[in-house]
Amino acid sequence: PQGPLDHHFRDSCTSGTALIPVMRVRPVVAAELLLAVIIEDSPEREYGTSRFRDNVGLGYGNHSYQTGFWKSPFFSFLQIHRGAALDALTKLVNLCTDRWTDEVKRHSNRRYASIKLTLNDGTEKEFLGNGRIYDWCLSNSSFAGQLNSGLAALERWLSLLLGAGEDVAPLLEQILKGTNSVAMLGVLVNIGKLKPDFFCDILKPLAASEHLHRWDDNLVESLPTYFAGMQLAPLGELIFGIARDWHFAPQHQAKVTDIVIQLITANGSFAHFMRSATTTWRTPENEKAAIEQRMLSARLDSNNYAITCSTGAERREFKFPEKLLADIDTFQRSKAAAQTIASLPDNCVRILSHPQQLKAEDAQILASCLATIDDETNLENHFKVRAKIAVASTLIAKAADPPVSM
């Protein structure tokens, strides 16, 4: 926009039906107008922290929170003129991702998060973002609500086309080639969950990405925390039910890793593709991350699944390779002391919740942990400080007599 917008005008364009006639007769004009009312009119660089919200260049929307596909004008626009609508939404998502990336660069010495995928035509393409951006299609924000709702609208529209029997593969390819954002990949993964065969074809590059497997796993685990049930309840049972059913739709609760595992055990060609893909993953420098990567790679290798018979029924049973099992055991043994220290605060909370005082021998054992904490070298200092405070506080509160070693 070339100047400040009246918020009533902005709201009527984004949350009502005012633009539908324009979408029908002048779709290109409607697309430009939508972008103008959604994008921030007077952007200013913020020098404070961006920890609590993503600065993605959008104007504040009074009705943007909570996110819902029905709250986005793009849901109607995609059904009226898919070409203009998809082009405008892609521009919006790319713009928001570029703005987010610029902020990240500013706060991290010009470093930014991105992944590279090898597309089906052999070209390599970079997509900007990380797990936080991947979550945009299911998260809530007052400052980026139209972005979140627009991504939800795109997924809902594609799922309706798929349910009606339309071949959406060309649309998925158009999106994949037109976007530079990890956020769009989140939408495509959810469509793949509705029709898993897409991961053997048009969405192969996504199935091959280690990052998307990890991010999707985290998103599914975090799904309940993204549902704004308390804010939706006053809107009535109908709206609450629509929001709940969409947010917890089957494709949102399924993990892409589990779907790919089903595919590799049934499709030999795809199983070979996934084995080859995992060998190209870059090994992390962090020991824990490297072990976790090997575990994921093993789960995506059909050679680690065997058919077993129990109670007359065949089932596929997974088993880690012996070398990996040995390395996992070695890693866990080396980190046992650190894990014990990290869990001390929780254990101390449980001790403090009981009315009884500590027995002398138990207090002595707890006090001996202070020396163990000081000697541990495989744990970050803030975990050690937290553990020492927890132990000392518990001894002060619960030890009848101060332990000698304290």
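Scroll up for the structure.
Residues numbered from 1 in each chain as written. Predicted model: local features only at pLDDT ≥ 70, side-chain atom pairs only at ≥ 80, totals over all residues. Heavy atoms only, no water.

For a regular strand, side-chain orientation follows a simple rule: the groups alternate between the two sheet faces. Both strand E1 (residues 114-118) and strand E2 (residues 124-128) contribute to a ladder of 5 bridges, which runs antiparallel. Within E2, the residue paired with Leu117 across the bridge is Lys125. As consecutive antiparallel partners, E1 and E2 are separated by 5 residues, and within that stretch Gly122 has a phi angle of approximately 95°, a positive value. (Pairing = 2+ DSSP bridges. Helix = DSSP H or I, 4+ residues; strand = E, 2+ residues; numbered from the N terminus.)

Okay, the side chain of Ser181 next. By the secondary structure assignment, Ser181 is in the loop between helix H8 (169-178) and helix H9 (182-194). One polar contact links the side chain of Ser181 to the main-chain amide nitrogen of Ala183, over a distance of 3.0 Å. Those residues in contact with Ser181, other than ones at most four positions away along the chain, are Val93, Asn94, Thr97, Phe127, Leu128 and Ile133. (Polar contact = N/O pair within 3.5 Å; in protein donor to acceptor, adjacent residues only side chain to side chain. Contact = heavy atoms within 4.5 Å.)

Next up on the list: the environment of Pro27. Counting through the fold element by element, Pro27 comes out in helix H3 (residues 27-38). Taking relative accessible area as the criterion, Pro27 reaches 14% and is therefore assigned buried. Separated by 68 residues in sequence, Pro27 and Leu95 have C-alpha atoms that sit 20 Å apart. In this structure Pro27 touches Val22, Phe77, His81 and Ala84, once residues within four positions along its chain are discounted. (Buried < 20%, exposed > 50% of the residue type's maximum accessible area, 1.4 Å probe, protein only.)

Applying the stated criterion to the full structure yields 9 aromatic pairs. When the ring of Phe69 is compared with that of Trp246, the centres are 5.3 Å apart and the planes differ by 70°; the resulting orientation is edge-to-face. One end of the pair, Phe69, is in the loop between H3 and helix H4 (73-80); the other, Trp246, is in helix H13 (residues 237-247), and 177 residues separate them in sequence. By the burial criterion, Phe69 is buried, and Trp246 matches it. Centroid distance Phe227 to Phe248: 5.3 Å. Interplanar angle 65°. Geometry classified as edge-to-face. (Phe/Tyr/Trp six-rings, centres within 6.5 Å; stacked < 30°, edge-to-face > 60°.)

Under the definition given, this model contains 17 salt bridges. Across the salt bridge formed by Asp217 and Lys255, the nearest N and O atoms sit 2.9 Å from each other. Placement of Asp217 in helix H11 (residues 210-222) and of Lys255 in the loop between helix H14 (250-253) and helix H15 (256-264) is noted, with a sequence separation of 38 residues between them. Assessed through its relative accessible area of 29%, Asp217 is described here as partly exposed. With its nearest N and O atoms 3.0 Å apart, the salt bridge here joins Asp374 to Lys388. (Salt bridge = Lys/Arg side-chain N within 4 Å of Asp/Glu carboxyl O.)

A word on the environment of Asp121. Relative to the elements of secondary structure, Asp121 occurs in the loop between E1 and E2. Residue classification places Asp121 among the exposed positions, given a relative accessible area of 51%. Considering only alpha carbons, one finds Asp121 and Leu34, 87 residues apart in sequence, at a separation of 33 Å. A distance of 2.7 Å separates a polar atom in the side chain of Asp121 from a polar atom in the side chain of Thr123.

This brings us to empty space enclosed by the protein. Rolled over the atoms, a probe with the dimensions of a water molecule shows which regions are left empty. Evaluated as defined, the whole model comprises 2 cavities of 30 Å³ or more. Each pocket or cavity is described by its volume, and for the largest cavity that value is around 130 Å³. Residue lining of the largest cavity: 16 residues in total, with Thr67, Gly68, Asn140, Trp246 and His247 positioned closest to the centre. Of all the elements, H13 adds the most residues to the lining of the largest cavity, at 3 residues. Residue composition of the lining of the largest cavity, by class: 10 nonpolar, 6 polar and no charged. (1 Å grid on protein atoms, 1.4 Å probe; cavity = no way out; pocket = protein on both sides within 12 Å on 5 of 7 lines; lining within 4 Å. Points joined across faces, edges and corners; volume = space filled by probe spheres on them. Nonpolar A, V, L, I, M, F, W, Y, C, P; charged D, E, K, R; others polar.)

In this section: the packing of helix H5 (residues 82-107) against helix H7 (residues 145-163). Where H5 contacts H7, the two axes come as close as 10 Å, and the packing angle between them is 140°. Classified by the angle between their axes, H5 and H7 sit oblique to one another. Where H5 crosses over H7, the handedness of that crossing is left-handed. Here Arg82, Leu86, Leu89, Val93 and Cys96 of H5 come into contact with H7, specifically with Leu147, Gly150, Leu151, Leu154, Trp157 and Leu161. Along the lines of polarity and charge, the residues of the contact of H5 with H7 split into 9 nonpolar, 1 polar and 1 charged. (Axes fitted to C-alpha atoms, helices over the stretch in contact; angles between N-to-C directions. Parallel < 35°, antiparallel > 145°, perpendicular 65-115°, else oblique. Left-handed = near helix turned anticlockwise from the far one by under 90°.)

Inspection of H13 places Gly241, Ala243, Trp246 and His247 among the buried residues, and these make up the whole buried set. Tucked inside the fold, the buried residues of H13 contact H7, helix H12 (229-232) and H14.

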